[in-house]
Amino acid sequence: MYNMETILEEIMIKTLTQSADKFMEKREYEDAKKMYFNALRLSEKLVEKSEEKFIPLIAKISNSIAVMYEELNIYDLAIKYYRESIYVSKKVGVDLEKIANSYFVLGNLCRRDFRYEEAEKYYTKALNIYLDLPLSKATTIEKKVINIYHYLSIIFTEMGKVQETKEVYMSLLNLYKDLVTDEDDSYKPELAMVLFNLGTLYFKYNRRNKASEVYLFALELLLYLDSKDLYSYKDMIAHTLHNLGQIYTEQLDYPAALSAYREALNYFIELADGNPSRYGSEVALVFKNLASFYRQQNRMDLAEYFYLRQIELYRELNHYNTSSYDFILASAIIEGVEYYGQHSITLYEAEAILHNYEDEMQVEKVLEKISLLREEMSFI
């Protein structure tokens, strides 16, 4: 039995937390903070009376304080009180799913604060608990597990952990395998995104055969989703086709490469009509790769045509955004002399553009290349 003082303090804790919750609803954080911390101090004082009763209360109040600091974007303190809530909860065997949820929130906070190693640790803790929960809870935690895998893929990509990123994508594919059906399109957009990202990962690290295999699966699904007009998938379709064009060119499968480039170009042009500043450079890049594609086959008339289209577009883009396109335009002008039979006098234009460019190391390398080109041409 408690004495009267303990009973009154318990009532006071309840009153303080209820008041704090109301202040939180009204976003009156200073008042909420005072109430929560007073309630926390009283709960800590009473824990000796009954751990079973007051430890869960301390965990709950700590969690509320963490939520408050999260809303205030004070991540260090939010993380501190989420951790305290978990630590206290473990003492009395609170619901494991609740602990996993707290680890998940901690992972999100650390990810948003660019603390990727800590985020990985907390996501992994949450994932291990979720995966060990009884099968009866499978449907309720399914989405949480998927979200964790997606967030892990983001932080592993940022950390440059290639193998770990691939393993996460494979885990996601394994999950979607049982979730995606012909009758239900719910998970197909997520599956398409995972396939696209995995294909791009393979492409980036020169696993070309694997990349093309995954990209083809992604493309089939993306085209289906685009036909349903569920969302705009044109960006991913365009990039998939463009990368396939590069892969097929390297494999000397020119008909397939040309088909992929043409389709990519159609999509990028359509996208550029609505957002020229975002997609104009993508159109120019396809022109650049088509010029290289035809040069590889020694079809120099077409190679020069697409090179000139590329230059024309880069000049237009540079007119509106010199800081972003100075170096790209200068490099393209130099390639024209090196590969496409353009007159060496254009190298003076490239030099003039580079004088305004800030990265001295990059400029030095390109100016050296210009000098070597002039030397080579003096012997022709």
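For the structure, see preceding data.
Residues numbered from 1 in each chain as written. Predicted model: local features only at pLDDT ≥ 70, side-chain atom pairs only at ≥ 80, totals over all residues. Heavy atoms only, no water.

This next bit is on the packing of aromatic side chains. Across all of its chains, the model carries 20 aromatic pairs by this definition. Through a chain of ring-to-ring contacts, three or more aromatic side chains come together here, namely Tyr254, Tyr261, Phe287, Phe293, Tyr294, Tyr305 and Phe306. One residue, arginine 278, lies across the ring of tyrosine 279, its end atom 4.4 Å from the ring centre. One cation-aromatic arrangement involves arginine 374 over tyrosine 348; the distance from NZ or CZ to the ring centre is 4.4 Å. (Phe/Tyr/Trp six-rings, centres within 6.5 Å; stacked < 30°, edge-to-face > 60°. Lys NZ or Arg CZ within 6 Å of the ring centre and 35° of its normal.)

What follows covers the pattern of salt bridges. The tally for this structure, following the rule as stated, stands at 18 salt bridges. Across the salt bridge formed by lysine 33 and glutamate 30, the nearest N and O atoms sit 3.6 Å from each other. Pair noted here: lysine 33 and glutamate 30 are both in helix α2 (residues 29–46), with a separation of three residues, about one helical turn. The partner of lysine 234 in a salt bridge is aspartate 226, with the nearest N and O atoms 3.4 Å apart. Its relative accessible area of 16% is what places aspartate 226 among the buried residues. Counted as one network, the salt bridges with shared partners bring together Asp76, Asp113, Arg115 and Glu118. (Salt bridge = Lys/Arg side-chain N within 4 Å of Asp/Glu carboxyl O. Helix = DSSP H or I, 4+ residues; strand = E, 2+ residues; numbered from the N terminus. Buried < 20%, exposed > 50% of the residue type's maximum accessible area, 1.4 Å probe, protein only.)

Together, Glu358, Asp359, Glu360, Glu364 and Glu368 give the surface a local cluster of negative charge. Topologically, glutamate 368 is positioned in helix α17 (residues 360–378). (Patch = residues over 30% accessible without salt bridge, like charges linked within 9 Å, V, L, I, M, F, W, Y side chains within 5 Å. Areas by Shrake-Rupley, 256 points an atom, 1.4 Å probe, with all protein chains shown as cover. Lys, Arg positive; Asp, Glu negative; His and termini not counted. Charge placed at Lys NZ, Arg CZ, Asp CG, Glu CD.)

The backbone of asparagine 73 sits at a positive phi, close to 60°, despite the residue not being glycine. Mapped onto the fold, asparagine 73 is located in the loop between α3 (51–71) and α4 (75–91). For asparagine 298, which is not glycine, the phi dihedral falls at a positive 60°. The residue asparagine 298 is located in the loop between α13 (276–296) and α14 (300–320) in this model.

This part covers the nonpolar core. In terms of nonpolar packing, the biggest core is built from 127 residues, with Ile65, Tyr130 and Leu290 touching the most fellow members. When residues of this core are assigned to their parent elements, the largest contribution, ten residues, is made by helix α12 (residues 254–274). Leaving out residues up to four positions away in the same chain, leucine 290 has contacts with Leu258, Tyr261, Leu265 and Phe306. (Core = buried A, V, L, I, M, F, W, Y, C linked by side-chain atoms within 4.5 Å. Contact = heavy atoms within 4.5 Å.)

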